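Observations on the three-dimensional arrangement
Chain residues, written in single-letter form:
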Amino acid sequence: ALATGDVKDAVVLRPHALEAQLGIPAAEILNVIASQFRLAAAVRGGVAEYHLERYLRGLPDVRKVQHIIEDGKPDFEIEYRRERFLIECKNVLRHLHAKRPKVDFQKTRAAKGDPCSRYYKPTQFDVLAACLHPVSQTWEFRFAPTSGLSPHLTCPGRLSPNVLVGETWPSDLRVLLDAM
């Protein structure tokens, strides 16, 4: 609910637009999200993008940050030192694999008749931003160049969905971009 106007010392609360649209209060909306795994995962992905955008906007030498909200497109386009970079944001899974965070790195669905379309092409974006919140409980990221990710074993021209966050993945995106 949002506070509106102040009549003497009274605060009038009006429902958030989403509460009005869905016809239930915020607490019930949160209960619905929490009770449905896929919905909660989508919300976590959106919140990771929110935190990544805040991080990107705070980086020196980043002149432009565009949050792209379109299916099949990377999450962000930035301009860093007059060069354009495309960034895909992904959460890691909650449990470690081989003592390292594993990125949830495949699309939710494949196109009909093309199971390989579930996997990313290395040309779709330049940088993978792995959000470590599911394992660290802090909104931190590690970055890797798409060119350094392993190819898919059975889908030519696609990236492997088995991505473990490497110890050398920097937490400062500028380190990676300067090396690229």
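Everything here concerns the structure above.
Values in this document were obtained by computation on a predicted structure and should not be read as measured data. (Residues numbered from 1 in each chain as written. Predicted model: local features only at pLDDT ≥ 70, side-chain atom pairs only at ≥ 80, totals over all residues. Heavy atoms only, no water.)

**Re the packing of aromatic side chains**
Aromatic rings in a pair are described by how distant their centres are and how their planes are angled relative to each other. What counts is decided by this rule: Working definition: rings of Phe, Tyr and Trp (its six-membered ring) pair if their centres are within 6.5 Å, and the pair is stacked with planes under 30 degrees apart, edge-to-face with planes over 60 apart, and tilted otherwise.
All told, the structure shown has five aromatic pairs when counted by the stated rule. Site record: aromatic cluster; members linked through ring pairs are Tyr-55, Phe-141 and Phe-143.

**Comments concerning the pattern of salt bridges**
Where we set the bar: A side-chain nitrogen of Lys or Arg and a carboxyl oxygen of Asp or Glu constitute a salt bridge if their distance falls within 4 Å. By the criteria applied, helices consist of DSSP H or I runs no shorter than four residues and strands consist of E runs no shorter than two, each listed in order from the N terminus. Exposure classes here rest on a 1.4 Å probe applied to the protein chains alone. A residue is buried below 20% of its type maximum, exposed above 50%, and partly exposed in between.
Evaluated as defined, the whole model comprises 10 salt bridges. Across the pair Lys-64 and Glu-77 runs a salt bridge, and its minimum N-O distance is 3.3 Å. Of this pair, Lys-64 sits in strand 3 (residues 62-67) while Glu-77 sits in strand 4 (residues 76-80), placing them 13 residues apart in sequence. With a relative accessible area of 34%, Lys-64 lands in the partly exposed category. Here Glu-77 falls in the buried class, since its relative accessible area comes to 15%. The residue Glu-88 makes a salt bridge to Lys-90 at a minimum N-O spacing of 3.8 Å. With a relative accessible area of 14%, Lys-90 lands in the buried category.

**Describing the sheet that holds strand 3**
Spelled out, the test is: In this description, strands pair whenever DSSP reports at least two bridges between them. For helices, the fitted line uses only the C-alpha atoms of the stretch in contact; every axis is such a line through C-alpha atoms, and the angle between N-to-C directions lies from 0 to 180 degrees. We call two residues contacting when some pair of their heavy atoms lies within 4.5 Å.
Read from one edge of the open sheet, five strands run 3-4-5-7-8, paired in mixed fashion. Each edge of the open sheet is held by one strand with a lone partner, namely strand 3 and strand 8 (141-145). On average, each strand axis in the sheet is tilted by 25° relative to the strand beside it, whichever way the strands run. In this structure, strand 7 (residues 127-131) lies alongside strand 8, joined through five bridges in antiparallel fashion. Residue Ala-129 lies in a different strand from strand 8, and its bridge partner there is Phe-143. Each of strand 3, strand 4, strand 5 (83-91), strand 7 and strand 8 is contacted by helix 3 (residues 37-57), which is oriented at about 145° to strand 5, the strand it contacts most.

**Let's talk about the state of the cysteines**
This is how it is decided: The criterion for a disulfide is a pair of cysteine sulfur atoms lying within 2.5 Å.
Applying the stated criterion across every chain yields a total of one disulfide. Here Cys-116 pairs with Cys-155 through a disulfide, and the sulfurs are 2.1 Å apart. Taking the sign of the torsion about the S-S bond as the criterion, the disulfide between Cys-116 and Cys-155, at about -75°, is left-handed. Taken together, the positions of Cys-116 in the loop between strand 6 (102-104) and strand 7 and Cys-155 in the loop between strand 8 and strand 9 (162-164) put the pair 39 residues apart, joining distant regions of the chain.

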